[in-house]
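# Summary of the model geometry
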Amino acid sequence: MKVRNSLKSAKVRDKNCRIVRRRGRVYVINKRNPRFKARQG
């Protein structure tokens, strides 16, 4: 999982990416291709 300042670039890489908020953090998750996982902050 990558930690990045902005998740906008992570979201547009793949159409299966979803932005999820958990415990005050913002995550990008991708069920099809888990290598796109990212977290903000």
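Now for a quick tour of the structure.

Cut-offs and rules
- Each residue is numbered by its place in its chain's sequence as written, counting from 1.
- The predicted origin of the model limits local features to residues at a pLDDT of at least 70 and limits the giving and counting of side-chain atom pairs to 80 or more, whereas totals for whole chains, interfaces and linings rest on all residues.
- The side-chain values count all of the structure's non-hydrogen atoms but skip hydrogen atoms and water molecules.
- Helix numbers and strand numbers start at the N terminus; a helix is a DSSP run of H or I with at least 4 residues, a strand a run of E with at least 2.
- Polar contact is defined as a pair of N or O atoms within 3.5 Å, subject to the rule that within protein one atom must be able to donate a hydrogen and the other to accept it, and that residues adjacent in sequence are counted only when both atoms are side-chain atoms.
- Residue contacts are defined here by distance: any two heavy atoms, one from each residue, within 4.5 Å place the two residues in contact.
- In plain words, nonpolar cores are sets of buried Ala, Val, Leu, Ile, Met, Phe, Trp, Tyr and Cys residues tied together by side-chain atoms within 4.5 Å.
- Each residue's exposure class comes from its accessible area (1.4 Å probe, protein chains only) as a fraction of the maximum for that residue type: buried when under 20%, exposed when over 50%, partly exposed otherwise.
- When DSSP finds two or more bridges between two strands, those strands count as paired.
- Axis geometry follows a simple rule: fit a line to the C-alpha atoms, using only the stretch in contact for helices, then measure angles between N-to-C directions, giving values from 0 to 180 degrees.

Considering the arrangement of structural elements, one finds Asn 30 in the loop between β3 (25–29) and β4 (38–40). A polar contact of 3.2 Å, which involves the side chain of Asn 30, links it to the backbone nitrogen of Asn 33. If we skip the residues at most four places from it in the chain, Asn 30 touches Asp 14, Asn 16, Cys 17 and Phe 36.

This part covers the nonpolar core. By size, the foremost hydrophobic cluster in this structure holds 7 residues: Leu 7, Ala 10, Cys 17, Val 26, Val 28, Phe 36 and Ala 38. With residues up to four places along the chain from it excluded, the contact list for Leu 7 reads Ile 19, Val 26, Tyr 27, Val 28, Ala 38, Arg 39 and Gln 40.

Turning our eyes to something else, we now look at unusual backbone geometry. Its identity as a non-glycine residue notwithstanding, Arg 23 has a phi of 50°, on the positive side. Note on placement: Arg 23 falls in the loop between β2 (18–22) and β3. For Arg 23, a relative accessible area of 81% gives the class exposed.

Turning to the sheet that holds strand β1 (residues 2–4), a few remarks are in order. Backbone hydrogen bonds are what pair the strands of a sheet, in a parallel or an antiparallel way. Reading across from one edge, β1-β4-β3-β2 is the order of the 4 strands in this open sheet, with mixed pairing throughout. The sheet terminates laterally at β1 and β2, the two strands that pair on one side only. Between one strand axis and the next, the sheet turns by 30° as a mean value, whatever way the strands run. Here 3 bridges tie β3 to β4, and the two strands are oriented antiparallel to one another. Pairing of Val 28 across the sheet is with Ala 38, part of β4.

Function cannot be inferred from these measures alone, as they are strictly geometric.
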